[in-house]
Amino acid sequence: MKIIKKIFVTIGILFASMLLCVVGVYVYYEWFWQEWPPARIERITGVRVPQYDIIEYHEGNRYFNGDFEDRFTFEFKTMPSEEMFDEIDKMIAIGNTGWKKDGNKYSFSVTWGNGFPAPKGEREEDDGMFSITITRGETDGIIIFGAW
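Rules behind the numbers
Residues numbered from 1 in each chain as written. Predicted model: local features only at pLDDT ≥ 70, side-chain atom pairs only at ≥ 80, totals over all residues. Heavy atoms only, no water. Helix = DSSP H or I, 4+ residues; strand = E, 2+ residues; numbered from the N terminus. Expected span 1.5 Å × (residues − 1). Buried < 20%, exposed > 50% of the residue type's maximum accessible area, 1.4 Å probe, protein only. Arc of directions from axis to C-beta. Contact = heavy atoms within 4.5 Å. Polar contact = N/O pair within 3.5 Å; in protein donor to acceptor, adjacent residues only side chain to side chain. Patch = residues over 30% accessible without salt bridge, like charges linked within 9 Å, V, L, I, M, F, W, Y side chains within 5 Å. Areas by Shrake-Rupley, 256 points an atom, 1.4 Å probe, with all protein chains shown as cover. Salt bridge = Lys/Arg side-chain N within 4 Å of Asp/Glu carboxyl O. Pairing = 2+ DSSP bridges.

K.L.:
Quick rundown of helix α3 (residues 82-94)? Include the residues and the values.
P.N.:
With 13 residues, α3 should cover 18 Å at 1.5 Å per step; its first-to-last C-alpha distance of 19 Å lies within 8% of that length. Within the span of α3, buried status applies to M84, F85, I88 and M91. Buried residues of α3, seen end-on, are gathered within an arc of 115° and therefore sit on one face of the element. Turned more than 90 degrees away from the buried face of α3 sit E83, K90, A93 and I94, all of them exposed. For α3, the elements touching its buried residues are α2 (38-45), β3 (99-102), β4 (105-111) and β5 (128-135).

In structure tokens form, the structure reads like this:
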């Protein structure tokens, strides 16, 4: 009887360990790791951006409640067009689009959840934040994203 009890305890511990691993991967993917393909950026910012490669990734602090802030530096595969920046200039002139300009540096920022509306295609209950900074005439930029 003791051997059977030890076998069940061992199987239970193995099952619980595997379950924790699966849940951990799910939480990491759903809460922390986020992909920002150009189509998602376009949906949120209203501006089509070229394909890019991530040059450097910095994983910020993680908190027990799911809050985090990550950042990565990227490089566009092609130089962004003047038409793209002209489109952003038009959006800035309209106002209240999330876009701002300082010289040749353009930035977009949005926060959602906790009473703030989510951008198109995002879930309000995710309590997210996203910002992108790009510079006219340069191929690199920065994306900061997270949950709060």
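K.L.:
Describe α2, and please don't skip the residues or the numbers.
P.N.:
Here α2 has its buried residues at P38, R40, I41, I44 and T45. For α2, the buried positions fall inside an angular range of 160° around the axis, keeping them on one side. Structurally, α2 contributes buried residues whose contacts are with β1 (52-58), α3, β3, β4, β5 and β6 (140-147).

K.L.:
Run through the side chain of R136, naming residues and quoting values.
P.N.:
Mapped onto the elements of the fold, R136 is located in the loop between β5 and β6. A polar contact is formed between the side chain of R136 and the side chain of Y106, at a distance of 2.8 Å. Contacts of R136, omitting those with residues within four sequence positions, involve E82, F85, D86, D89, K101, N104 and Y106.

K.L.:
Report on the side chain of D70, specifying residues and quantitative values.
P.N.:
When you line up the elements, D70 lands in strand β2 (residues 68-76). Here R62 takes part through its side chain, which lies 2.5 Å from a polar atom of the side chain of D70.

K.L.:
For a nonpolar patch on the surface, give the residues involved together with the corresponding values.
P.N.:
On the surface, M1, I4 and F8 cluster together into a nonpolar patch covering about 420 Å² of accessible area. Structurally, F8 can be placed in helix α1 (residues 2-32). For F8, a relative accessible area of 59% gives the class exposed.

K.L.:
Let's hear about the pairing of β6: which residues, and what values?
P.N.:
Burial analysis of β6 places six of its eight residues in the buried class, which makes it a mostly covered element. Sheet analysis places β2 next to β6, joined by eight bridges and oriented antiparallel. Across the sheet, residue T73 finds its bridge partner in β6, namely I142. Alignment of β5 against β6, held across seven bridges, turns out to be antiparallel.

K.L.:
How would you summarise the environment of T78 if you had to cite specific residues and measurements?
P.N.:
Positionally, T78 belongs in the loop between β2 and α3. The class of T78 is partly exposed, set by a relative accessible area of 49%.

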